[in-house]
Amino acid sequence: MKISVIGCGYLGAVHAAAMAKLGHDVIGVDTDPLKVERLSRGEAPFFEPGLPELLREGVASGRLRFTTEIADAGDARVHFLAVGTPQMADSDAADLRFVDAAVASLVPVIPDDAVVVGKSTVPVGTAASIAERIRAAGSGAEVAWNPEFLREGFAVADTLTPDRIVYGVPDGGRAVEVLDEVYAGPLATGIPRLVTDYATAELVKTAANAFLATKISFINAMAEIAEVVGADVTQLADAIGHDARIGRRFLNAGIGFGGGCLPKDIRAFSARAEELGRAESVAFLREVDAINLRRRERVVELATQVLGGSVYRKRIVVLGLTFKPDSDDVRDSPGLDIAARLHGLGALVAATDPQGIENARVRHPQLPYEADLDAALSDADLVILTTEWAEYRGLDPEHVGELVAGPTIIDGRNVLDPEAWRSAGFEYVGLGR
Ligand SMILES: NC(=O)C1=CN([C@@H]2O[C@H](COP(=O)(O)OP(=O)(O)OC[C@H]3O[C@@H](n4cnc5c(N)ncnc54)[C@H](O)[C@@H]3O)[C@@H](O)[C@H]2O)C=CC1
Ligand SMILES: O=C(O)[C@H]1O[C@H](OP(=O)(O)OP(=O)(O)OC[C@H]2O[C@@H](n3ccc(=O)[nH]c3=O)[C@H](O)[C@@H]2O)[C@H](O)[C@@H](O)[C@@H]1O
């Protein structure tokens, strides 16, 4: 089937390449000419394991092309909207300007039998208003909402073999049949498919991210209590996680969640609930956000404590600037935020990351970066692990001990073995353990 994907960022580029892998004829559209140029060469414009191979294969097969011209996508049957929905600059609400612009550019170039499929995360009610706008423009194109649940770092596998596929569709339309054809490959393997109305599909996505954020803040709240009473939050998570009703996944306490989605999605949900007169229904999400942001502050407090009352002029190496490992994404990254706070307090920060330095530099040009891990660790008074990249989890405490000036480590992700670090002479500080 001929498919277009409008917006080729972390979501859209992977979706376009995955659709080509499923055998479709795909055109990706993005307003950023540099991104389109790289994608057209079969190169990934960001770090995502498995994506370069998929792009190269798709471009070489002739089934995957990219363009800046929306008109080039006019003859596709299905148009996936995958543009960004960031937080507004001056409020918690989602900024829908990219979605609006994409729809406005698309409608004049598509025929009446086209299906416009939203993948971006939007406030509930958006799909219905887009459908209304398309009708008002005199187009017969149908709208469906097909939320995306991929995780960065696992984006390729999550797209090709998702846990479930959700379609929000209007009554009596053709979208279900068309989407079943698009996803025939994954559906044939028995992946659950749920067909709902627009509002339910939009809410499914928002609810899923709100639940995940709540789970993380729940365990971080337990970490706050554990710190006071000397309990170990990791053992606590293991113990409650054995209850299948709770489950161990997403119960890793530490410096909390970041990224281009969970933080902005819970805020947008709160803002939308307020517009709907139901602010109280999700008032707990404000607390989820506050607990999350307190974790960053806590690391700064701990750093100040272990360095004898001030971080001023102290050499602090921050290991990890991306919001999670196996991604170069630094949007709302807790590690980068902590590095910037410490720098602001006069610490001599060495900020390092295997993939994130380039993006981090754009957001925080004032920070001192050091790509070489050993050079970053040299003469440090304090090491803070902020992103659990494999190379940081696998650090040899004896080797690090030979490089640093002061053997103290704050494990912001609770992933290191405290005993191994202590027996190498380090003061080990976990978050709630
Ligand atoms: N990043 C992720 O892991 C996931 C993201 N989402 C949602 O997907 C949406 C996109 O997120 P990301 O890919 O992370 O954002 P992104 O910022 O990486 O990508 C958005 C892309 O859209 C392009 N764009 C903006 N306006 C355009 C227009 N009018 N026409 C064509 N292209 C345009 C931008 O140049 C950019 O390349 C958001 O709603 C997000 O919440 C959902 C699930 C996973
Ligand atoms: O809507 C989205 O964009 C996506 O948001 C998240 O995916 P992602 O942001 O890629 O990454 P996660 O694995 O969810 O991690 C998010 C943050 O939570 C943190 N985290 C995760 C798990 C945990 O136990 N503790 C914890 O602090 C991570 O370090 C990271 O900063 C969701 O997991 C995806 O299902 C969703 O599609």
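Computed from a prediction, not measured in an experiment: that's the story for all the values here.

### Concerning the packing of aromatic side chains
Inference 1: Counted by the stated rule, this structure contains five aromatic pairs.
Inference 2: Taken together, a centroid distance of 6.3 Å and an interplanar angle of 50 degrees make the contact between Phe47 and Trp389 tilted. Of this pair, Phe47 sits in the loop between helix 2 (33-40) and helix 3 (51-61) while Trp389 is found in the loop between strand 11 (382-385) and helix 16 (390-393), placing the two residues 342 residues apart along the sequence.
Inference 3: You can call Trp389 buried: its relative accessible area is 4%.
Inference 4: Aromatic pair Trp421 and Phe426: ring centres 4.9 Å apart, planes at 80 degrees, arrangement edge-to-face. Take Trp421 and Phe426: they sit in the same class, and that class is buried.
Inference 5: Taking NZ or CZ as reference, Arg97 lies 6.0 Å from the ring centre of Phe98, over its face.
Inference 6: Sitting over the face of the ring of Phe154, Arg151 holds its NZ or CZ atom 4.2 Å from the ring centroid.

### A closer look at the pairing of strand 2 (residues 25-29)
Every regular strand shows the same layout, with side chains that alternate between the two sheet faces.
Inference 1: By the criterion of burial, strand 2 is predominantly enclosed, with four of the five residues buried.
Inference 2: By the bridge criterion, five bridges tie strand 1 (residues 2-6) to strand 2 in an arrangement that is parallel. Counterpart to Ser4 in the pairing with strand 2 is Ile27.
Inference 3: Regarding topology, helix 1 (residues 12-21) serves as the crossover connection from strand 1 to the parallel strand 2, and that connection is right-handed.
Inference 4: Note: strand 2 against strand 3 (residues 64-67), four bridges, orientation parallel. By the bridge assignment for strand 3, Gly28 is matched with Phe66.

### Quick word on the side chain of Glu202
Inference 1: Looking at the secondary structure, you find Glu202 in helix 9 (residues 198-229).
Inference 2: For Glu202, the side chain forms a polar contact with the main-chain nitrogen of Thr126, separated by 3.2 Å.
Inference 3: A polar contact is formed between the side chain of Glu202 and the backbone nitrogen of Ala127, at a distance of 2.6 Å.

### Here's the deal with the UniProt feature "active site" (unreviewed entry) in the protein
Inference 1: According to UniProt, the feature "active site" (unreviewed entry) maps to Cys261 in the numbering used here.
Inference 2: Within the element layout of this structure, Cys261 appears in the loop between helix 10 (233-241) and helix 11 (262-275).

### Side note on the site of ligand 2
Inference 1: By nearness alone, 21 residues border ligand 2, and Leu150, Glu152, Lys205, Cys261 and Phe323 come closest of all.
Inference 2: With respect to ligand 2, the backbone of Phe149 contributes an N or O atom lying 2.8 Å from an oxygen atom.
Inference 3: Glu152 places a polar main-chain atom, nitrogen or oxygen, 2.8 Å from an oxygen atom of ligand 2.
Inference 4: Breaking the shell around ligand 2 down by element, the ones donating at least two residues are helix 9 and helix 11.

### Quick word on the site of ligand 1
Inference 1: Taken together, the neighbourhood of ligand 1 is formed by 26 residues, with Leu11, Asp30, Lys35, Thr85 and Lys264 sitting nearest.
Inference 2: Lys35 has a polar side-chain atom sitting 2.7 Å from an oxygen atom of ligand 1.
Inference 3: A distance of 3.0 Å separates a nitrogen atom of ligand 1 from a polar atom in the side chain of Glu152.
Inference 4: The fraction of the free accessible surface of ligand 1 (830 Å²) that becomes covered by protein chains is 88%.
Inference 5: A per-class count over the shell around ligand 1 returns 11 nonpolar, seven polar and eight charged.
Inference 6: Two domains each donate at least three residues to the shell around ligand 1, and these are domain 1 (2-195) and domain 2 (205-289).

### Quick notes on unusual backbone geometry
Inference 1: Even without a glycine there, the phi angle at Phe250 is positive, about 65 degrees.
Inference 2: Among the residues examined, Phe250 registers a relative accessible area of 34% and is labelled partly exposed.
Inference 3: Even without being glycine, Asp326 reaches a positive phi, approximately 60 degrees.
Inference 4: In this structure, Asp326 sits in the loop between strand 9 (315-319) and helix 13 (334-344).

### Focus: the packing of helix 4 (residues 97-106) against helix 5 (residues 126-136)
Inference 1: Two elements in contact, helix 4 and helix 5, have axes whose closest approach is 11 Å; the angle formed by their N-to-C orientations is 30 degrees. In terms of their interaxial angle, helix 4 and helix 5 are classed as roughly parallel. Our pair here, helix 4 against helix 5, has a crossing hand that is right-handed. On helix 5, the residues that touch Val99, Asp100, Val103 and Ala104 of helix 4 are Ile130, Arg133 and Ile134.
Inference 2: Here the residues of the contact of helix 4 with helix 5 are counted per class, giving five nonpolar, no polar and two charged.

Criteria and cut-off values
Residues numbered from 1 in each chain as written. Chains lettered and ligands numbered in written order. Predicted model: local features only at pLDDT ≥ 70, side-chain atom pairs only at ≥ 80, totals over all residues. Heavy atoms only, no water. Phe/Tyr/Trp six-rings, centres within 6.5 Å; stacked < 30°, edge-to-face > 60°. Helix = DSSP H or I, 4+ residues; strand = E, 2+ residues; numbered from the N terminus. Buried < 20%, exposed > 50% of the residue type's maximum accessible area, 1.4 Å probe, protein only. Lys NZ or Arg CZ within 6 Å of the ring centre and 35° of its normal. Pairing = 2+ DSSP bridges. Right-handed = clockwise from strand over helix to strand, strands pointing away. Polar contact = N/O pair within 3.5 Å; in protein donor to acceptor, adjacent residues only side chain to side chain. UniProt positions renumbered as here; feature names shortened; annotations may be inferred. Near = heavy atom within 4 Å. Areas by Shrake-Rupley, 256 points an atom, 1.4 Å probe, with all protein chains shown as cover. Nonpolar A, V, L, I, M, F, W, Y, C, P; charged D, E, K, R; others polar. Domains from an automatic or database assignment. Axes fitted to C-alpha atoms, helices over the stretch in contact; angles between N-to-C directions. Parallel < 35°, antiparallel > 145°, perpendicular 65-115°, else oblique. Left-handed = near helix turned anticlockwise from the far one by under 90°. Contact = heavy atoms within 4.5 Å.

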